[in-house]
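Notes for the structure review
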2 protein chains.
Amino acid sequence: MVLYKFKDDTEVSNAPVSMSQLAKLQRDILTGKFRPGEKLTEQALCEQYGVSRTPIREALRQLEADGLVENILNRGAFVIGMSQQDYEDMFELRKAYEIQAVRWAIQRITDEEMERLEETFEFMEFYTMRNDIDKMLVINAGFHQVIYEASHNRMLQRLLSSYQTFLKYRDSGMVYESDYLTTVLEEHRAIFKAFIDRDEKAGAEAMERHINRAKERRCG
Amino acid sequence: MVLYKFKDDTEVSNAPVSMSQLAKLQRDILTGKFRPGEKLTEQALCEQYGVSRTPIREALRQLEADGLVENILNRGAFVIGMSQQDYEDMFELRKAYEIQAVRWAIQRITDEEMERLEETFEFMEFYTMRNDIDKMLVINAGFHQVIYEASHNRMLQRLLSSYQTFLKYRDSGMVYESDYLTTVLEEHRAIFKAFIDRDEKAGAEAMERHINRAKERRCG
DNA sequence: GATTGTATTTCTGTATACAATTATAGGGGC
DNA sequence: GCCCCTATAATTGTATACAGAAATACAATC
């Protein structure tokens with residue numbers, strides 16, 4: 001049963017979705033299946049994921065670009081560890097770009113994107129009422145994604161999307177406060193309102209509060 | 001003749017440096033040898049760079065991560081174009097991270113890094129007096145690089161370094177004002193002074209001014 | 001002449017083979 | 001026992017071969 005369909009055909013549903021080898025490897029690193037510092041031997045990965053070395057090597061190159069592994073010449077790929085400090089820093093870096101994204105998005109958003117943002121926000125209200133955390137996590141990501149697109153800047157979209165991937169797995173193991181959904185909804189409402197009012201400053205401030213609180217919720 | 005040697009063995013000299021296939025391809029895209037939208041056929045690249053498809057494909061994956069090409073499944077790699085807007089946006093994105101880098105660097109810099117920063121700044125003074133623009137471009141990059149390292153955050157280092165690569169080729173064709181070097185030196189001096197004073201706020205402000213002026217110089 | 005379906009060619013995606021480098025294990029010297 | 005050297009094994013880097021998808025060319029049809 002498809003409940004909500006994003007522009008890119010990502011769906012909010014419970015159906016298992018087939019993943020690329022890259023995505024699987026990414027997931028397994030982010031969920032801690034491989035330990036920080038651990039060497040990723042290509043042959044071993046081939047057997048684990050059932051593909052040959054070529055696609056594995058290309059995946060490792062992309063993971064290096066995402067900062068998840070380090071490729072050392074003639075020595076191979078090693079999993080990069082994230083300290084608590086690294087993780088907190090990540091929120092600061094993300095915050096700077098999320099704020100910039102909101103600013104540009106409010107300047108540059110198209111009517112079609114505004115409709116998608118509104119639609120997505122309405123789904124957030126619906127699933128908050130239903131208290132459905134799993135679906136909310138997906139819609140949350142979608143809400144931010146619409147903003148990234150509305151910023152009309154590829155670089156920003158790429159970077160912020162990769163932060164989302166990072167958070168997706170980190171969040172999956174989280175325990176949530178009882179008022180989590182309603183709190184987040186209000187934070188998003190403030191951001192959405194800034195779009196309606198075309199108020200760049202209010203949008204930036206609402207986003208800053210949102211990320212600061214997200215940091216507290218997840219790091220605090 | 002080696003004039004200045006960075007920690008990573010990058011040298012300020014006129015000696016030709018051998019480049020990896022990736023670096024060559026990166027250079028050729030950034031210098032406009034391939035036009036935006038142009039399809040990069042693997043076989044053609046193999047013949048041009050004298051290597052087989054495997055390393056070419058891996059290079060294309062990395063270039064995609066850097067935002068220089070777009071890989072479409074079963075259709076190949078296409079060069080991404082940068083509009084004037086994209087280019088101006090890039091300065092804003094870089095500014096946000098350069099400011100964060102300075103803040104963290106002032107908090108976290110080690111004695112060894114502080115010595116390197118001082119040494120680098122002294123070389124900047126020397127080459128400014130000599131009015132040697134080519135060497136200054138390299139030292140400039142080195143000055144920022146020391147700050148990135150002193151931020152002690154891998155993600156930030158990676159991103160800002162890739163911006164530097166971007167700028168390196170863009171700058172190479174630039175025409176400079178006569179007071180370019182002395183102006184830039186004073187901007188860097190303000191940043192360096194903030195490190196000595198351990199004044200985070202002053203450092204952030206000095207860096208913001210520096211990037212704003214760099215944007216004016218290059219986009220204005 | 002334009003259009004559509006099909007055959008051919010070209011190109012990408014993946015697997016495998018080979019070369020070069022690095023890691024490992026064992027033996028000799030001190 | 002410790003260190004160093006060498007031989008071997010393991011692993012990465014590169015080239016090539018093959019399978020499948022996409023683009024192209026062309027002929028048949030309207």
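Quick caveat, the model's predicted, so the values are computed rather than measured. (Residues numbered from 1 in each chain as written. Chains lettered and ligands numbered in written order. Predicted model: local features only at pLDDT ≥ 70, side-chain atom pairs only at ≥ 80, totals over all residues. Heavy atoms only, no water.)

Focus on the protein's contact with DNA strand D
- Around DNA strand D sit 17 residues, and of these Arg53 and Arg57 of chain A together with Ser52, Thr54 and Arg75 of chain B come closest.
- With respect to DNA strand D, the side chain of Arg53 of chain A contributes an N or O atom lying 2.8 Å from a base nitrogen.
- A distance of 2.8 Å is found between a base nitrogen of DNA strand D and a side-chain nitrogen or oxygen belonging to Thr54 of chain B.
- Sorting the residues of the surface near DNA strand D by element identifies β3 (39–40) and α3 (53–65) of chain A together with α3 (53–65) of chain B as the ones contributing at least two each.
- Per-element accounting of the surface near DNA strand D gives the leading share, 3 residues, to α3 of chain B.
- Taken together, the residues of the surface near DNA strand D break down into 4 nonpolar, 6 polar and 7 charged. (Near = heavy atom within 4 Å. Polar contact = N/O pair within 3.5 Å; in protein donor to acceptor, adjacent residues only side chain to side chain. Helix = DSSP H or I, 4+ residues; strand = E, 2+ residues; numbered from the N terminus. Nonpolar A, V, L, I, M, F, W, Y, C, P; charged D, E, K, R; others polar.)

Brief notes about the interface of chain A and chain B
- The interface of chain A with chain B comprises 30 residues on the first partner and 30 residues on the second.
- Considering only the side of chain A, the residues that lose the most area to chain B are Glu58, Leu93 and Tyr97 of chain A, jointly responsible for 22% of the buried surface there.
- Joining chain A to chain B, the criterion identifies 8 salt bridges.
- Residue Glu58 of chain A pairs with Arg57 of chain B through a salt bridge whose shortest N-O separation is 2.8 Å.
- Residue assignment for the side of chain A that touches chain B shows that the elements contributing at least two residues are α3, α4 (84–108) and α7 (154–172) of chain A.
- Looking at the side of chain A that touches chain B element by element, the count peaks at 12 residues for α4 of chain A.
- Taken together, the residues of the side of chain A that touches chain B sort by class into 12 nonpolar, 6 polar and 12 charged. (Contact = heavy atoms within 4.5 Å. Buried area = accessible area lost by both parts, 1.4 Å probe. Salt bridge = Lys/Arg side-chain N within 4 Å of Asp/Glu carboxyl O.)

Side note on the domain arrangement of chain A
Residue and element names in this part refer to chain A.
- Structurally, chain A comprises domain 1 (19–79) and domain 2 (84–219).
- If you average the C-alpha positions of domain 1 and of domain 2, the two centres end up 29 Å apart.
- For the domain 1 face of the interface with domain 2, the top three residues by lost area are Gln26, Leu30 and Asp66, together amounting to 62%.
- Counting across the interface, domain 1 meets domain 2 through 0 salt bridges.
- Our enumeration of links across domain 1 and domain 2 arrives at 0 residue pairs in polar contact (both at pLDDT 80 or more).
- Of the residues belonging to the side of domain 1 that touches domain 2, the class tally is 4 nonpolar, 2 polar and 2 charged. (Domains from an automatic or database assignment.)

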